[in-house]
Every structure is written in C-alpha cells, then in structure tokens.
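If you want the building blocks of each chain, they are given just below.
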Amino acid sequence: MRMRSVLATVTAGLAAATCVTAAAPADAHGGKAPGVHACSPAVSIKSYSDALDKTTYDGTFVGNLSALAVDRDGRIAALSDRSSLFTLDRETLKPTSVVNLVDEKGAPLDSEGLAVDGDGTRLVTSESEPSVRRYERDGTLVGSLPVPHALKVAPAGRATSNLTFEGLTLLPGGHTLLAAMEGSLSGDTAGIVRFQTWDRATRQGDFRLSAQYGYRTDIGLGVSEAQATPDGRLLVLERGFTAGVGNTVRLYLADLRHATDTRRVDTLTGQDGVRLARKTLLADLVNCPSLGAQAKQPQPNPLLDNIEGLTITGRTPDGRLQLLLVSDDNQNAVQTTRLYSLSARLPHTVNG
C-alpha cells in the first residue's frame, strides 16, 4: 500500500504456530537485542532487523513488503505490493527465492494480503479491484475467488481505491478465509470497515462467499493486516501516518463470535441491532523500547515505520505467541524495510 495520511494453511500455519519458530531477527548492528522488552503488559519486543532494507535478490528489489505467512516447510513467505513473492529462510530471514505474480491478462498486482493453503498454493489479494487469486508455488495463476459487488472499487462498487483487501488469513481448520478491508465503503460510517469471509465444503474445495462482519478502527487509522490466532480470534494491525509526525501502529485482538453477519446490511453506521466485532488493545507500538533503532524521517518512536505485515511463527516456552512483523518501505529513501520479532500473551476474553 502506498503511504497515505490518515501458512501451510492457517491450520497448518496455526498448527505451525505451535511448532515452527522463526529466528529472532538480528538488530541493525548484526546482533540480537538482549532479553525481551515490554511494549505493554501483553506484548514484548525481542529484536528488529534492517538487514533487508534497500537490498536486491536475483535482480528483484527486496522491499515494498506488505504481508507475511508461514509456509508448509516453516520458511516465511513475504509478499511485495509490486507483485513479487519472496521466500525467506526461517533462521536468517534472508531471501532464498522469488517469483513474480500477474493477473489473468499478465499485468502486475497491487498485492497486499497473503495466506498459504494446505496444498501449498498461495492466496493473494490485490487492492486495485479488489481480488483474491490462487497461485502455485512457481507463481502460476490457477484461479480466483468471487468478491461481493459492494466491496469492489467505485464505480463498480462502493470501495475506495487503495483502501480494499489489505489483510488475508485462514481461520483454524482451513475451511474459512477472511479478507480485511483497509477503509470504509461509501455510505458506511468512517472508521467502520468490512471483513469478508469465504467458506468451503471440503478442505481443498472451492471457496464460496460467506459471512461478512463490521470492525471499527481507531480514528484516523486503517486496517493493515489481520491474522487468525490458534483459537479463532484475530490479531488486527491498525496503522496510520501523519506527515511531520510519523506512523501510528496498534495491535488489537478482535473477536467475531458475537458479531452480526453484515453481508445484507447495506450501510454500517453503528446502528442498533448490528453488533460489530469486539476488540481489545494489546499494544500501541509507540510504547515499545526503540532498541537503538533509527528513523529516516520524523517518528514518535524511531522503531516505527509503515508496518503492514504480520504472521504467527510459533510459541514461546511460556505459551506466548511469537510474532513476526514487517514494514513496507514503499521503495522510498526515507522509509525502511524492517522486520520485528515480538511476542504476545492473549487475554481469555475480548472487551466489548
């Protein structure tokens, strides 16, 4: 996504979250930050790495990274919004391969969301229509999913360009896929975004349109990622940018279990009788220790940048989820491709 103001399947990826551990990224000086540092009572940061910043692999720029997912072999799939899909070594987090993705006409994507299905195929969103397409490991396009008309970019629908499918995740069991809209539809109250799901009758069957839910972001923020947790809730990244100030990045835990299915609700205004997803703040990343990080432009915390990607890579010995986050540098000299190693302890319930 351009800067603006304002997983094996997840079963295997979530099953992998109980057994796969990506190495903590080294800090900018090549070593690992000692110990674990609290960002909040629920979230801690272990380290960060700028090692991929402004680098190339096999002639392809390594940047513009918008999504991460755990592959079936435990390696990390990293998606660029310029249609490049990298594989990162699970220990070093350095690229080991790259494929280029195109649409049915051979045109590049504005690729933003990524999930790895149980057969190893990649489910990838593009913001421009929006769309969800399926690709083989070698980048061969094998199909696409239906998208509700209302979620399409105007004039075809009510969505705003570059504010569509920013997050993508498979829920536990691999039978339900969820895409998170970044911004609100025309007619919906600003800050209320839609989460669209697809279900399938068999594990590897075709996805069919299913329930849709409303989620309210904080004022001035949009959804940059959604990642299913092993218990079926969602980690949601909310992100915004203010020129001269920098980025705001907050990590929430969301629960859809009591939310209203909004696929037949024309406009979402916070009206009575329509229950939005419940969420609780896990951490505002401005409160993380900077660990010596440096920013190339004003930031409220020099550790922050345009964080867009998130995946669960394992568990700590005490049961916390291990998280890997990545920032999208937009191939901009004043932004950084940065990987973050965090851990999170989830509350048993989500606040209303």
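What comes next is a walk through the structure. (Residues numbered from 1 in each chain as written. Predicted model: local features only at pLDDT ≥ 70, side-chain atom pairs only at ≥ 80, totals over all residues. Heavy atoms only, no water.)

**Quick look at the sheet that holds strand E7 (residues 84-88)**
Stated formally: For two strands to pair, DSSP has to find at least two bridges joining them. Runs of E in the DSSP output that reach at least two residues are strands. Runs of H or I that reach at least four are helices, and both are numbered from the N terminus. To obtain an axis, a line is fitted to C-alpha atoms, over the contacting stretch when the element is a helix, and the angle between two such axes runs from 0 to 180 degrees between their N-to-C directions.
Overall, antiparallel pairing links the 4 strands, which are arranged E5-E6-E7-E8 in an open sheet. Edge positions in the open sheet fall to strand E5 (65-70) and strand E8 (95-100), since each of these has one partner strand only. Within this sheet the neighbouring strands show an average axis-to-axis angle of 20°, counted without direction. Bridging between E5 and strand E6 (residues 76-80) involves 5 bridges; their strand directions are antiparallel. Each residue of the ladder has a partner; that of Ala69, found in E6, is Ala77.

**A closer look at the environment of Val223**
Applicable threshold: Contacts between residues were defined by any pair of non-hydrogen atoms, one from each residue, lying within 4.5 Å.
Here Val223 shows up in strand E17 (residues 222-228). For Val223 and Gly183, which are 40 residues apart along the polypeptide, the C-alpha to C-alpha distance reads 7.0 Å. With near-sequence residues (within four places) excluded, Val223 lies in contact with Glu166, Ala180, Met181, Glu182, Val193, Phe195, Tyr215, Thr217, Val236 and Leu237.

**Here's the deal with the sheet that holds strand E20 (residues 278-284)**
In any sheet, the strands associate via hydrogen bonds between backbone groups, in a parallel or an antiparallel arrangement. Within the open sheet, the 4 strands sit side by side as E17-E18-E19-E20. Their pairing is antiparallel. Each edge of the open sheet is held by one strand with a lone partner, namely E17 and E20. The mean angle between the axes of side-by-side strands here comes to 30°, regardless of whether they run parallel or antiparallel. The sheet contact formed by E17 and strand E18 (residues 234-242) spans 6 bridges and is antiparallel. The residue of E18 that forms the bridge with Ala228 is Leu234.

**Notes on unusual backbone geometry**
That bond from Glu129 to Pro130 is cis: its omega, -5°, falls within 30 degrees of zero. Tracing the backbone through its elements, the reader meets Pro130 in the loop between strand E10 (122-126) and strand E11 (131-135). Residue Pro155 is bonded to the preceding Ala154 through a cis peptide linkage, with omega at 10°. Tracing the backbone through its elements, the reader meets Pro155 in the loop between strand E12 (141-144) and strand E13 (165-170). Positive phi outside glycine occurs at Ser83, with the angle close to 80°. On the secondary structure map, Ser83 appears in the loop between E6 and E7. Unlike most non-glycine residues, Leu291 shows phi in positive territory, near 55°. With respect to the helices, strands and loops of the structure, Leu291 is situated in the loop between E20 and strand E21 (307-315).

**Observations concerning the side chain of Asp284**
Along the chain, the position of Asp284 falls in strand E20. In contact with Asp284, other than residues within four places in its own chain, are Val249 and Arg250.

**Some details on the state of the cysteines**
Note on terminology: disulfide describes a covalent bond linking the sulfur atoms of two cysteines. For clarity, the cut-off: Pairs of cysteine sulfur atoms within 2.5 Å are what we label disulfides. In this scheme, a residue with accessible area under 20% of its type's maximum is buried, one over 50% is exposed, and one in between is partly exposed, where area comes from a 1.4 Å probe on protein chains only.
For the structure shown, the criterion picks out 1 disulfide. Here Cys39 pairs with Cys288 through a disulfide, and the sulfurs are 2.0 Å apart. An S-S torsion of about 110° defines the bridge between Cys39 and Cys288 as right-handed. In this pair, Cys39 sits in the loop between strand E1 (37-38) and strand E2 (43-49) while Cys288 sits in the loop between E20 and E21, placing the two residues 249 residues apart along the sequence. For Cys39, a relative accessible area of 6% puts it in the buried group. Residue Cys288 is classed as buried on the basis of its relative accessible area, which comes to 4%.

**Description of the pattern of salt bridges**
Stated precisely, the cut-off is as follows: Note on definitions: salt bridges are taken to be side-chain nitrogens of Lys or Arg within 4 Å of carboxyl oxygens of Asp or Glu.
Within the structure shown, the criterion is met by 27 salt bridges. Of the charged contacts in the structure, one is a salt bridge between Asp81 and Arg82, with a shortest N-O distance of 3.2 Å. Look at Asp81 and you get buried, because its relative accessible area is 1%. Among the salt bridges present, the one from Asp117 reaches Arg200, with a minimum N-O distance of 2.8 Å. Pair noted here: Asp117 is in the loop between strand E9 (111-116) and E10 and Arg200 is in the loop between strand E15 (192-199) and strand E16 (208-216), with a separation of 83 residues, a long-range link. Judged on exposure class, the residue Asp117 and its partner Arg200 are both buried.

**Concerning the packing of aromatic side chains**
Going by this rule: Think of it this way: a Phe, Tyr or Trp ring, Trp meaning its six-membered ring, pairs with another when their centres are within 6.5 Å, and the plane angle makes it stacked under 30 degrees, edge-to-face over 60, tilted otherwise. Geometrically, a charge over a ring is one whose NZ (Lys) or CZ (Arg) sits within 6 Å of the ring centre while staying within 35 degrees of the ring normal.
Under the definition given, this model contains 2 aromatic pairs. Look at Phe165 and Trp198: their rings are 6.0 Å apart centre to centre, the planes differ by 80°, and that puts the pair in the edge-to-face class. With a gap of 33 residues between them, Phe165 in strand E13 and Trp198 in strand E15 connect regions that are remote in the sequence. The residues Phe165 and Trp198 share a single accessibility class, namely buried. Centroid distance Phe195 to Tyr215: 5.1 Å. Interplanar angle 20°. Geometry classified as stacked. With Phe195 in strand E15 and Tyr215 in strand E16, this pair connects stretches of sequence that are 20 residues apart. Accessibility assignment for this pair places Phe195 and Tyr215 in one class, buried. The ring of Tyr252 has Lys279 lying over it, and the distance from NZ or CZ to the ring centre is 4.0 Å.

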